[in-house]
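# Inside the fold
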Amino acid sequence: MRIYKTASSIVVLSALAVDAFAPLARSTNHKIDSIQQRPATSTTTSLAAFINTNEMSPRNLPPLEEWSVNAGIQKVEGLELYTEDGLDWQYITTADIPQGTTIMFIPAGVCLASSAIEAELNAISSGGVAAAVDQLGRIGGQNSIADFYLFVKLLVEYEQQENSPFAPWLDSLP
């Protein structure tokens, strides 16, 4: 078998349901709320035990594949997650894929966008996030507000431990 590497870009679509690579052998409900959670029988008591955040810990990518399918992320046939050593991961192609082919579709509901996160965080924080953003603006951090929202969202998801719909994705981060 010959392995081909590709330098194609990932396309993010704003539609909630895209059936780009038919046929699909799964549900087409792509809302992030429908992502299957880890089994309730988990014996972990904290996300620190659930996700290894040590600087040199290996990335946990295999569960990300199942999570992405459940989230409605689709990839072209022949695009595979690959590692030689379990530490360095990459996508490779195992078949010829014509130049310009869209290799992956990602539903909008899976993407973390600071504009959507802003409303979510303001709703759950009783004004605390809005006050922090106001303070950030007063000290000259206007250009960092979008990053601030994303950072706080990651902390919120991390705090939810294995109950976060983003837990497998968080566990895959370097």
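Residues numbered from 1 in each chain as written. Predicted model: local features only at pLDDT ≥ 70, side-chain atom pairs only at ≥ 80, totals over all residues. Heavy atoms only, no water.

## With respect to the overall build of the protein
On a plain count of helices and strands, the protein comes out with six helices and five strands. Secondary structure elements of the protein, listed N to C terminal, follow the sequence β-α-α-β-β-β-β-α-α-α-α. Counting only residues that meet the buried cut, the protein has 29% of its 174 residues in that class. Counting only contacts in the protein whose residues sit at least 6 apart along the sequence, the fraction spanning at least 24 positions is 72%. Entry remark: accessible area of the protein is about 10,900 Å², with carbon and sulfur atoms responsible for 54%. (Helix = DSSP H or I, 4+ residues; strand = E, 2+ residues; numbered from the N terminus. Buried < 20%, exposed > 50% of the residue type's maximum accessible area, 1.4 Å probe, protein only. Contact = heavy atoms within 4.5 Å. Areas by Shrake-Rupley, 256 points an atom, 1.4 Å probe, with all protein chains shown as cover.)

## A look at the nonpolar core
Within the largest apolar cluster, twelve residues are counted, these being Leu 64, Trp 67, Ala 71, Ile 73, Val 76, Leu 79, Ile 97, Ile 103, Met 104, Ile 106, Val 110 and Phe 166. Of all hydrophobic cores here, the second largest spans seven residues; its members include Val 129, Tyr 149, Val 152 and Val 156. (Core = buried A, V, L, I, M, F, W, Y, C linked by side-chain atoms within 4.5 Å.)

## Thoughts on the confidence of the model for the protein
Considering every residue of the protein, the mean pLDDT works out to 75; 71% of them sit at 70 or more. Segment residues 1–48: pLDDT under 50, and 93 contacts once partners within four positions in sequence are set aside and those in other chains are kept. (pLDDT = per-residue confidence, 0-100.)

## Brief notes about the packing of aromatic side chains
Each aromatic ring pair is specified by the distance between its two centres and by the angle formed by the two planes. Summed over the entire model, instances satisfying the criterion amount to three aromatic pairs. Relative to Phe 166, the ring of Trp 67 has its centre 6.2 Å away and its plane inclined at 50°; by these criteria the two rings are tilted. Of the two residues, Trp 67 sits in helix 2 (residues 62–70) while Phe 166 sits in the loop between helix 5 (145–159) and helix 6 (167–172), which places them 99 residues apart along the sequence. Phe 166 shares its class with Trp 67; the two are buried. (Phe/Tyr/Trp six-rings, centres within 6.5 Å; stacked < 30°, edge-to-face > 60°.)

## Here's the deal with the packing of helix 3 (residues 114–124) against helix 5
The geometry of helix 3 relative to helix 5 is characterised by a closest axis approach of 9 Å and an angle of 60° between their N-to-C directions. When the axes of helix 3 and helix 5 are compared, the pair comes out oblique. Every pair of crossing elements has a handedness; the one defined by helix 3 and helix 5 is left-handed. In this structure, helix 3 uses Ser 114, Ile 117, Glu 118, Glu 120, Leu 121, Asn 122 and Ile 124 to contact helix 5, whose residues at the interface are Ala 146, Tyr 149, Leu 150, Val 152, Lys 153 and Val 156. Of the residues belonging to the contact of helix 3 with helix 5, the class tally is eight nonpolar, two polar and three charged. (Axes fitted to C-alpha atoms, helices over the stretch in contact; angles between N-to-C directions. Parallel < 35°, antiparallel > 145°, perpendicular 65-115°, else oblique. Left-handed = near helix turned anticlockwise from the far one by under 90°. Nonpolar A, V, L, I, M, F, W, Y, C, P; charged D, E, K, R; others polar.)

## With respect to the packing of helix 4 (residues 128–138) against helix 5
Where helix 4 meets helix 5, the axes come as close as 10 Å, and the angle between the chain directions of the two elements is 145°. Of the two elements, helix 4 crosses helix 5, and the hand of that crossing is right-handed. Contacts from Val 129, Ala 132, Val 133 and Leu 136 in helix 4 reach Ile 145, Phe 148 and Tyr 149 in helix 5. Within the contact of helix 4 with helix 5, the residues separate by chemical class into seven nonpolar, no polar and no charged.

## Observations concerning the pairing of strand 4 (residues 89–93)
In this structure, strand 3 (residues 79–83) lies alongside strand 4, joined through five bridges in antiparallel fashion. Looking at strand 4, one finds that Leu 81 is bridged to Tyr 91. What sits between strand 3 and strand 4 in their antiparallel hairpin is a turn of five residues, with Gly 86 showing a positive phi close to 80°. (Pairing = 2+ DSSP bridges.)

## Considering helix 4
Of all the residues in helix 4, the buried ones are Val 129, Val 133 and Leu 136. The arc enclosing the buried residues of helix 4, seen along the axis, measures out at 55°, which places them on a common side. Buried positions along helix 4 lie against helix 3 and helix 5. Looking one or two residues past helix 4, Gly 140 carries a phi angle of roughly 90°, positive in sign. (Arc of directions from axis to C-beta.)

## Re the side chain of Glu 157
With respect to the helices and strands, the residue Glu 157 is situated in helix 5. Taking the relative accessible area as the measure of exposure, Glu 157 reaches 4% and is therefore buried. Engagement of the side chain of Glu 157 in a polar contact is seen with the side chain of Ser 164, the distance being 2.4 Å. (Polar contact = N/O pair within 3.5 Å; in protein donor to acceptor, adjacent residues only side chain to side chain.)

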